[in-house]
Amino acid sequence: MQRSFKLLSIFFLLMPLKSIADTSITPKESTVNAAKDVLTRSVGSQIADRFSFSVDTASAQPEGYSIKVNSDRVHIKASSSVALTRGAYAYLKQEHNNMLSWSGANISMPNKLADYQTEQTTPFKFRYYLNVVTHGYTTAYWDWARWEQEIDWMAMHGMNMPLLAGAHEAILFRVFRKLGFSEEQSYQYFSGPAHFPWNRMGNIVGWDGANRLPKNYFDKQIALNHKILARVRELGMTPIIHAFAGFVPPATKALFPDAQVRELSWAGGLPSHTNGRLLSPTSPLFVKIGKMYIDEWEKEFGKNEYYLADSFNEMDVPKADTEQALLSELAGYGSKVYESIRAANPDATWVMQGWTFPYHKDSSGELFWTAKRLHALVSTVPDDKLLILDLANEYNKLVWNIDPSWKIYSGFFNKQWIYSFIPNMGGKTPLNGVLEQYASMPVEALNYSKKGNLVGFGFAPEGIENNEMIYELLTDVAWQNTAIDIDKWQRDYATQRYGAFPKVLASALKGLNKSALGSFTDHPMFRYQLRPNTPGQSFSKKATVHQSENFTQATAMFLSASELNASELYRYDAIELTATYLGLVADDLLETFLAQSLDARDYQLLEQAMSILGNVDKLLLEHPNHRLENWVALARSWGDSAQEKDYYESNAKRLLTTWGGKPVNDYAGRMWNGLISDYYMQRWQVNHEALKHNKAIDLDQWEEDWLNTPYQQKGEGFVDPLAKARQLFKHYQGYFNKP
């Protein structure tokens, strides 16, 4: 069974959800009903009706569930809706080899059920999910149908603390207007919707938005957020919502001459007018706006507990003459940010992202955020009113080669904190990540004697709908207090996903663990996804997708598992592996071509690479997640007129391609049907056709024209894409072994 990604019109988006405030329903009944609804939507009523749920009021922490099967009925008992749904999913996985994933599902149950009994707890109060920028790289233009599916995915996988965008812009717009900013001055602050995450973090203002943003956008954002919040609250989830972090419109100094406002620079390459503006927390205006924002948000959506505010994410902090002055200033910042939240909601908890603390280096290459400096920032905030998201534990270990942040910062000084990974940057598609590390690293923190107030585990991918094995593993890690045996886990995973585990598949997975799933690259990109170099330039950017003989052999063995042909999920994974391998072959041809002098280039190499990529593009037309047309259709669904639809589409495509400047150009790196043929291939071809004939080419203008031309999916896929994938792989299998 595969759940549909059908697009809803704004009419359906604005339809009210069923009320969950029915006073005739007890809290226990509400908990059970919410869980049963998730199960029914996820696996269908025929299977869902074989489950009965009950609430265990005696169980609070650690959260868990018990499963008992008798008389062909599955009884799940737990203390929350999410624990109930996780229990149901664990039973379906462990006893009947079922799986739910973004690309589809493998769901079935026999008529006769064996008696069974087990129970499970989690060591983590919170199972955290999503990243600020996931709401750009993946969810920017989701409709309610897609959000409902994702919330169900969270519940079935046992995740209970999502980081949500929370209609931040719509509420902030109201606050700006109440402060006296004109409509035009307010709109100058907002970027395009796909770029909102960086707007929220103060990296940019106005980029691809400003007065281009349709005036009805905020009403739609509010309506969608009501639906999202109603559902996560119905399930007893604890959402994290954005607060005011100090970022203000460019016109702030004109309205408030005494306000201390600092202009920020972020990635470079963007026009200077898009630089963020940070209001000093020492200004009385900071606390005033912070309180106004939460008051306005809670008036619209009701009370919330966890509010995210980061003033320094990937940014420089204000300079001070002495270390002591800096520590004092940081303490003042922390005090004022928390005060701006507490003033509106004394029960609220301030949430901050921990990414920047190990990431931010000073001019000498040393960590700017020493233990003393971070302690100063959080020192005035009560221990139970601050939550630190320690986002990127694999980066500390595998990229920066430093101790975990929770060791560097003394278990985060007894504040609440969540252990997390960032398995993906930008929504990049290739397999990537050290599976063994994901399975074992969190246990080290659990067993650390000075871990402080560790309250949760989670993952914060910049983009999702990729690398599904890693995310399935991480949701299981969240319910374990010991390391997971990867060999056994992968056997179970393959059986759950494909319905069987033939011997050759075991060899394929071992090969992947020695190659693409045994190495970590923070930005795995193909060369074909990057701009062609102009003559005389060195290769400023290189291909970084894993390529090795182990990967080639693993792909060969995976494709040879013909007994799995009937599995839809196997076919999707086989297509994805083949597309990755063929992309590596095309990359090598392109690099050979670029290494030649301009007057001696063999254009047959370019043509051969384009032919391979054309086949990759056609293969991916069969994959439900890797298609540009899905992305474009979601974006266009937000528009009421052709002009609005065209704007939303161009904004959505911009994020995936030019983004906004050289440092982040091509950052998202999607291996998608349509994006390959219509953008990456065309860019290579028009560039080198011009060079071949000594004609000038303005790639900036070509890219801009593409962004502003509505996309139409062209061509048809292969009649038998799995057979074609095997044929293409066999043809190029020996490519990297050639003399």
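Please refer to the structure placed before this passage.
Rules of the game
Residues numbered from 1 in each chain as written. Predicted model: local features only at pLDDT ≥ 70, side-chain atom pairs only at ≥ 80, totals over all residues. Heavy atoms only, no water. Phe/Tyr/Trp six-rings, centres within 6.5 Å; stacked < 30°, edge-to-face > 60°. Helix = DSSP H or I, 4+ residues; strand = E, 2+ residues; numbered from the N terminus. Buried < 20%, exposed > 50% of the residue type's maximum accessible area, 1.4 Å probe, protein only. Expected span 1.5 Å × (residues − 1). Bend = angle between axes of the 7 residues up to and from the residue. Contact = heavy atoms within 4.5 Å. Axes fitted to C-alpha atoms, helices over the stretch in contact; angles between N-to-C directions. Parallel < 35°, antiparallel > 145°, perpendicular 65-115°, else oblique. Nonpolar A, V, L, I, M, F, W, Y, C, P; charged D, E, K, R; others polar. Polar contact = N/O pair within 3.5 Å; in protein donor to acceptor, adjacent residues only side chain to side chain. Core = buried A, V, L, I, M, F, W, Y, C linked by side-chain atoms within 4.5 Å. Pairing = 2+ DSSP bridges. Salt bridge = Lys/Arg side-chain N within 4 Å of Asp/Glu carboxyl O. Left-handed = near helix turned anticlockwise from the far one by under 90°.

For the coordinates displayed, the defined rule picks out 65 aromatic pairs. Ring centres of F176 and Y189 lie 5.2 Å apart, and the angle between their planes is 75 degrees; this geometry places the pair in the edge-to-face category. With F176 in helix α7 (residues 168-179) and Y189 in the loop between α8 (183-187) and α9 (196-200), this pair connects stretches of sequence that are 13 residues apart. Each member of the pair F176 and Y189 is classed as buried. Summarising the aromatic geometry, the rings of W198 and W659 are spaced 4.9 Å apart at their centres and angled 80 degrees between planes, so their arrangement reads as edge-to-face. Placement of W198 in helix α9 and of W659 in the loop between α26 (642-656) and α27 (675-692) is noted, with a sequence separation of 461 residues between them.

Right, let's get into α27. Residues that lie three or four places apart on an α-helix share one face, since the helix turns once every 3.6 residues. Between its first and last C-alpha atoms α27 spans 24 Å; for 18 residues at 1.5 Å apiece the expected length is 26 Å, and the two agree. At Q682, α27 is bent by approximately 35 degrees, the largest bend along its length. All buried positions along α27 are accounted for by L675, I676, D678, Y679, Y680, M681, R683, W684, N687, H688, A690 and L691. Turning to α27, the residues buried within the fold contact α23 (568-595), α24 (603-620), α25 (628-636), α26 and α28 (699-707). Positive backbone phi, approximately 55 degrees, marks N694, located one or two places after α27.

Here we take up the packing of α26 against α28. Where α26 meets α28, the closest approach of the two axes is 9 Å, and the angle between their N-to-C directions is 135 degrees. When the interaxial angle is binned, α26 and α28 end up oblique. When α26 is examined against α28, the residues S650, K653 and R654 are found in contact with a partner set consisting of E704, W706 and L707. Here the residues of the contact of α26 with α28 sort into two nonpolar, one polar and three charged.

What follows deals with the side chain of T122. Within the secondary structure layout, T122 lies in the loop between β6 (116-121) and β7 (126-129). Within polar-contact distance, the side chain of T122 engages the backbone nitrogen of F124 at 3.1 Å.

In globular proteins that are soluble, nonpolar side chains generally tend to be buried together. Ranked by size, the top nonpolar core spans 253 residues in total, and within it F51, W147 and W369 carry the most contacts. With 16 residues, the top contributor of residues to this core is α23.

In this section: the sheet that holds strand β13 (residues 349-353). Through backbone hydrogen bonds, the strands of a sheet pair up, either in parallel or in antiparallel fashion. Spatial ordering of the closed barrel is given by β7-β8-β9-β12-β13-β14-β15-β16, a layout of eight strands whose pairing is parallel. Strand-to-strand twist across the sheet, computed as the mean angle between neighbouring axes with direction ignored, equals 30 degrees.

Right, let's get into unusual backbone geometry. Non-glycine residue N97 carries a positive phi angle of around 55 degrees. For N97, the position within the fold is in the loop between α4 (81-96) and β4 (99-101). A relative accessible area of 30% means that N97 is categorised as partly exposed. Positioned with a positive phi, L130 is a non-glycine residue whose angle comes to about 90 degrees. Structurally, L130 is set in the loop between β7 and α5 (134-137).

Let's shift gears to the sheet that holds strand β2 (residues 64-70). The four strands are arranged β1-β3-β2-β6 in an open sheet whose pairing can be described as mixed. The two strands at the open ends of the sheet, each matched to only one other strand, are β1 (51-55) and β6. For this sheet, the mean angle separating the axes of adjacent strands, direction not counted, is 15 degrees. Where β1 meets strand β3 (residues 73-78), five bridges bridge the pair, whose relative direction is parallel. Paired with S52 across the two strands is H75, which belongs to β3. Across the sheet, α4 lies against β1, β2, β3 and β6, angled at about 50 degrees from β2, the strand it touches most.

Turning next to helix α15 (residues 371-378). Turning to α15, its buried residues are R373, L374, A376, L377 and V378. On the buried face of α15, the contacting elements are α13 (323-342), β13, α14 (356-359) and β14 (386-390).

The next point concerns the pattern of salt bridges. Pairing between side chains becomes possible if they bear opposite charge and their charged atoms approach one another. The full count for this structure, using the stated rule, is 39 salt bridges. The shortest N-O distance in the salt bridge between R174 and E300 comes to 3.0 Å. Of the two residues, R174 is situated in helix α7 and E300 in helix α12 (residues 284-301); the sequence distance between them amounts to 126 residues. The exposure class of R174 is partly exposed, given its relative accessible area of 27%. Here D208 and R212 are joined by a salt bridge, their closest N and O atoms 2.7 Å apart.

Below, the discussion takes up the packing of α23 against α24. Viewed as axis vectors pointing N to C, α23 and α24 meet at an angle of 165 degrees, and their least axial separation amounts to 9 Å. The pairing of α23 with α24 is recorded here as roughly antiparallel in orientation. α23 and α24 meet at a crossing whose hand is left-handed. Every residue of α24 that contacts α23 at I575, T578, A579, L582, G583, V585, A586, L589, L590, T592 and F593 is listed here: Y603, L605, L606, Q608, A609, M610, I612, L613, V616, L619 and L620.

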